[in-house]
Amino acid sequence: MAGAAQAPARVAVWDPVVRLFHWTVVAGVVLNLFVLEPGKTAHRTVGYTIAAALAIRLVWGFVGTRHARFADFFPTPRRLARYLGALRRGEEARMLGHNPLAAVMMLTLMALLAATATTGWMTTLDAFWGEKSLEEVHGTLGNAIMVLAALHAFAALFESWRHRENLVWSMVTGRKRA
């Protein structure tokens, strides 16, 4: 059919390990923050599941596919400054993987997940049993994850609109416009 519009080419970006990690964390955070009772067996099981997923993702950040590797997106000061300057001018390049700001968000969320898992685990130890300040730190970290996850979701929707590309769907399918 001459003249018929072709669908844009799609490329694989987010591999199954990255996508499974992402959606495991989303489901686990929603469950532990809004559904499950803190400190109970189900809450702890979900927390340990998130911790295991995080451990796998950290390893995958060194041995995984191109866009899963930290080296592909690690936000060095130079990369971040260059990206922020281009962003201010409205000239930032579209990136298949994480842009430097998204990388900062992702790494911050991963650090918060690790700290939350660690403090949650610590509350089960005899040495910290009933330590209210540790429970407060654990809760504060969980709330920080909630705030940053909401900002992350808003940014994904906003960037989807700006670049006319459904970034949320790309984390489901693993594919993006070439």
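Anyway, here's the lowdown on the structure attached to this text. Keep in mind it's a predicted model, so treat the numbers as computed, not measured. (Residues numbered from 1 in each chain as written. Predicted model: local features only at pLDDT ≥ 70, side-chain atom pairs only at ≥ 80, totals over all residues. Heavy atoms only, no water.)

### Details of the overall build of the chain
Consideration 1: Summing up its helical and strand segments, the chain has seven helices and two strands in all.
Consideration 2: Helices (α) and strands (β) of the chain occur, in sequence order from the N terminus, as β-α-α-α-α-α-α-α-β.
Consideration 3: With respect to the three principal axes, the spread of C-alpha positions in the chain is 70 × 40 × 30 Å.
Consideration 4: Excluding contacts between residues fewer than 6 apart, the proportion of contacts in the chain whose partners are at least 24 apart in sequence is 64%.
Consideration 5: Taken as a whole, the chain presents about 11100 Å² of accessible surface, with 68% of it coming from carbon and sulfur. (Helix = DSSP H or I, 4+ residues; strand = E, 2+ residues; numbered from the N terminus. Contact = heavy atoms within 4.5 Å. Areas by Shrake-Rupley, 256 points an atom, 1.4 Å probe, with all protein chains shown as cover.)

### Overview of helix α2 (residues 41-63)
Consideration 1: An ideal rise of 1.5 Å per residue puts 33 Å on 23 residues; α2 measures up with 33 Å between its terminal C-alpha atoms.
Consideration 2: Contacts from the buried residues of α2 go to α1 (16-35), α3 (70-73), α5 (100-122) and α6 (132-163). (Expected span 1.5 Å × (residues − 1).)

### Quick notes on the packing of α1 against α6
Consideration 1: Interaxial distance between α1 and α6 falls to 11 Å at its minimum, and their mutual angle equals 130°. Between α1 and α6, the crossing angle belongs to the class labelled oblique. The handedness of the crossing between α1 and α6 comes out as left-handed. Packed against α1, whose contacting residues are H22, V29, L33 and F34, the element α6 presents G142, I145, M146 and H152 at the interface.
Consideration 2: Broken down by class, the residue content of the contact of α1 with α6 amounts to five nonpolar, three polar and no charged. (Axes fitted to C-alpha atoms, helices over the stretch in contact; angles between N-to-C directions. Parallel < 35°, antiparallel > 145°, perpendicular 65-115°, else oblique. Left-handed = near helix turned anticlockwise from the far one by under 90°. Nonpolar A, V, L, I, M, F, W, Y, C, P; charged D, E, K, R; others polar.)

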